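The residues making up each chain are set out below.
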Amino acid sequence: MMRTLTGQEVRQAVRGRWLSMNNHVPITGVSIDSRKVKSGDLFIAIKGDHFDGHDFLQTAAENGGVCAIIEAGHSYPQELLNSFKAGVIAVQNTREALLDLGGFYRSVLAAVVIGVTGSNGKTTVKRMIEHILKKKFNGTCSPKSFNNEIGVPLTILGAGAGDDFLICEMGTSAPGEIARLTKAVKPNIAVITSIYPAHLQRLESLDRIAMEKAALLGYLKPQDIAVITSDSPELDHAVRPYNCRFIRFGTSESAHLRLTDYQSDSHHQRFQINQRDWVELPLPGRHNALNAIAAIAVSARMGFTQQEAAEALADFTGVEMRLQDEKIGPLRVINDAYNANPGSMIAAAAVLAECDGRKVFIAGDMKELGPQSEDLHMQIGREIGLRRPGLVIGVGELGTLLAKGAAKMGTETHCFPSVEEAVKEIPALLCDGDTILIKGSRAMGMERLIDSIRKKFE
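Note that the structure is a prediction, hence the values are computed from the model and not measured.

Some words on the overall build of the protein
A tally of helices and strands in the protein yields 17 helices and 20 strands. Taking 23 Å as the expected radius of gyration for a compact globule of 458 residues, we find that the protein reaches 24 Å, a close match to that expectation. Expressed along its principal axes, the backbone C-alpha trace of the protein runs to roughly 70 × 50 × 40 Å. The 458 residues of the protein split such that 57% are buried. Here the analysis covers contacts within the protein between residues at least 6 apart in sequence; of these, 63% occur between residues at least 24 apart. On the protein, roughly 19200 Å² of surface is accessible, and the fraction owed to carbon and sulfur atoms is 48%.

In structure tokens form, the structure reads like this:
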């Protein structure tokens, strides 16, 4: 349960001014959704692209909200303001206020705080760490992909006063975002999972991506730990200014925890660390072996032996829409449709290559790759083609380019201009015994293809 806050603590944290006030009413929760406000909650009126929380102040009060934070310039009847028993606070920007409040609440937590970022694998590594740590400890982990200026402070504010650990996933699509989030999170352990081309539209290059991710180390003390991939020269350069203890994991010789062997049957795997210890993992993919090694490194800081951490991962079931396996009649469908960038596309293709039956890769657009986008789609298509899938289906304008790249390697391909068109036609291209992997950026909503496949084959 969240530590109770006073109205005065909240006002000071967000640097706001009272519009109405009663500092004797405790605040026991925080919400930005008026429909989910509970008795005792603070409601923060956030402006989104398609909504404005200020329009729902009355609903928040009726649902039991005792305090509200709104942006200056809004005018409400005094009767409505007074209905928030702990008071109403005005600020310049409610998004900034939410992040400031999260930073204050983090400062009063006794938990070990773990920040996780990287181009690929953030959510899986976060869940693996939580899965291990919960064998011995109580703690909080960010839900879904709560990794931006809204999700990160809500994760912090969701932590219990008695938690042993708090895990925050942190994402970025533009310079300065990780530093801004890190100011609130102030992790004791920082994890950087990987560096690949992603969000190039604003981050522009691998060097800048590495510098952006390395900002997660900005508040680490000399005794704190950074668990980082050893397989990125760009990251190795970017972390040099930071003064903390490093644990490197990966496949390179510089890794403290090195993946030295890997065996997989496309459903499960076993891998070896430092030519000594074997770990069983009920997930496919060499990239998931590296994700697991990162989680094992973090758990060591929390007192787990390597064997204990490995045993804890033996029943890890994965994350929704990340290589999520489903049997649909005579087909095997692997739903990896949560998101996509060049690194995760190649990792998915490697998983598919290990599978039985005809291998079908359905690829949607990879978004936010900037001026390099078309070349990267063609390049990734060629690399997918080198793994000899039976069929590559491109969906969307950029997915079509990816399929054309695969076709240059002799792969059979089909293309559709949109997911809507693909939904109608793709089931007819599939055959009994196929293994189908579906992947694309979140904006594509590639998982919509699964229902049409299910209707024909289930």
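A few points about the side chain of Asp33
Here Asp33 lies in the loop between strand S2 (29-31) and strand S3 (41-44). At a separation of 2.9 Å, a polar atom in the side chain of Asp33 contacts the main-chain amide nitrogen of Arg35.

With respect to the pairing of strand S11 (residues 245-250)
Pairing between strand S10 (residues 225-229) and S11: five bridges, direction parallel. By the bridge assignment for S11, Val227 is matched with Ile247. Between the parallel elements S10 and S11, the chain passes through helix H10 (residues 233-238) in a crossover that is right-handed. Bridge count for S11 against strand S12 (residues 257-264) is two bridges, and the pairing is parallel. Looking at S12, one finds that Gly250 is bridged to Arg258.

Observations concerning the sheet that holds strand S1 (residues 17-21)
Here five strands make up an open sheet; going across it, the order is S1-S5-S4-S3-S2 and the pairing mixed. Since the sheet does not close on itself, it has two edges, and those belong to S1 and S2, each with one partner. Taken pair by pair, the neighbouring strands of this sheet meet at an average axis angle of 20°, ignoring direction. Pairing of S1 with strand S5 (residues 87-91) involves four bridges; the strand directions are antiparallel. Residue pairing across strands places Met21 opposite Gly87, the latter belonging to S5.

Quick look at the packing of aromatic side chains
Taken as a whole, this structure holds one aromatic pair when the rule is applied. Here Phe137 and Phe304 contribute two aromatic rings whose centre-to-centre distance is 6.1 Å and whose plane-to-plane angle is 70°, an arrangement assigned as edge-to-face. Highlighted residues: Phe137 in the loop between helix H5 (122-133) and strand S7 (139-141) and Phe304 in the loop between helix H11 (286-301) and helix H12 (306-313), separated in sequence by 167 residues. Phe137 gets classed as partly exposed once you look at its relative accessible area, which sits at 24%. Positioned above the aromatic ring of Phe304, the side-chain terminus of Lys136 is 4.5 Å from the ring centre. The ring centre of Tyr219 lies 4.9 Å from the NZ or CZ of Lys186, which sits over that ring.

Quick word on the environment of Val227
Relative to the helices and strands, Val227 is located in strand S10. When the C-alpha positions of Val227 and Leu402 are compared, they lie 33 Å apart, and in sequence the two are 175 residues distant. For Val227, the contacting residues outside a window of four places in its chain are Ile189, Ala190, Val191, Ile192, Ile247, Phe249, Ala294, Ala297 and Val298.

Some words on the pairing of strand S6 (residues 112-117)
Burial of S6 is extensive: six of the six residues sit out of reach of the surface. Neither face of S6 is left uncovered, since the one carrying Val112, Ile114 and Val116 and the one carrying Val113, Gly115 and Thr117 both have all their residues buried.

Overview of unusual backbone geometry
The phi angle at Gln275 is positive, at roughly 55°, despite the residue not being glycine. Here Gln275 falls in the exposed class, since its relative accessible area comes to 62%.

Looking at the packing of helix H4 (residues 94-107) against helix H7 (residues 177-185)
One way to put it is that H4 packs onto H7 with a least axis distance of 7 Å and a crossing angle of 40°. One element, H4, and the other, H7, form an angle in the oblique class. Facing Glu96, Leu99, Gly102, Gly103 and Arg106 of H4, the residues of H7 in contact are Arg180, Leu181, Ala184 and Val185. Counted by class, the contact of H4 with H7 contains four nonpolar, two polar and three charged residues.

Regarding the nonpolar core
Counting 78 residues, the largest nonpolar core has Leu42, Ile69, Leu101, Ile156, Leu217 and Phe361 as the members making the most contacts within it. The leading source of residues in this core is helix H13 (residues 342-353), at six residues. Excluding residues that lie within four positions of it along the chain, Leu217 makes contacts with Ala190, Ile192, Ala226, Val239, Tyr242, Cys244 and Phe246. Counting 41 residues, the second-largest nonpolar core is a separate cluster that includes Met128, Phe249, Tyr262 and Ala312.

Section: H4
Note that an α-helix has 3.6 residues per turn; residues three or four places apart therefore point the same way. Over its 14 residues, H4 runs 20 Å from end to end, which matches the ideal 20 Å to within 8%, given 1.5 Å per residue. Taken together, the buried positions of H4 are Thr94, Ala97, Leu98, Leu99, Leu101, Gly102, Gly103, Tyr105 and Arg106. Structurally, the start of H4 carries an N-cap: the backbone nitrogen of Arg95 is 2.8 Å from a side-chain oxygen of Asn93.

Some points on the sheet that holds S10
Strand order across the open sheet formed by nine strands is S7-S8-S6-S9-S10-S11-S12-S13-S14, with mixed pairing between neighbours. The sheet is open, and its two edges are formed by S7 and strand S14 (277-281), each paired on a single side. Each strand of the sheet is rotated relative to its neighbour by a mean of 20°, with strand direction disregarded. Contacting S6, S7, strand S8 (165-169), strand S9 (189-192) and S14, H5 crosses the sheet at an angle of about 170° to S8.

Cut-offs applied
- Residues numbered from 1 in each chain as written.
- Predicted model: local features only at pLDDT ≥ 70, side-chain atom pairs only at ≥ 80, totals over all residues.
- Heavy atoms only, no water.
- Helix = DSSP H or I, 4+ residues; strand = E, 2+ residues; numbered from the N terminus.
- Rg over C-alpha atoms; globule rule 2.2 N^0.38 Å.
- Buried < 20%, exposed > 50% of the residue type's maximum accessible area, 1.4 Å probe, protein only.
- Contact = heavy atoms within 4.5 Å.
- Areas by Shrake-Rupley, 256 points an atom, 1.4 Å probe, with all protein chains shown as cover.
- Polar contact = N/O pair within 3.5 Å; in protein donor to acceptor, adjacent residues only side chain to side chain.
- Pairing = 2+ DSSP bridges.
- Right-handed = clockwise from strand over helix to strand, strands pointing away.
- Axes fitted to C-alpha atoms, helices over the stretch in contact; angles between N-to-C directions.
- Phe/Tyr/Trp six-rings, centres within 6.5 Å; stacked < 30°, edge-to-face > 60°.
- Lys NZ or Arg CZ within 6 Å of the ring centre and 35° of its normal.
- Parallel < 35°, antiparallel > 145°, perpendicular 65-115°, else oblique.
- Nonpolar A, V, L, I, M, F, W, Y, C, P; charged D, E, K, R; others polar.
- Core = buried A, V, L, I, M, F, W, Y, C linked by side-chain atoms within 4.5 Å.
- Expected span 1.5 Å × (residues − 1).

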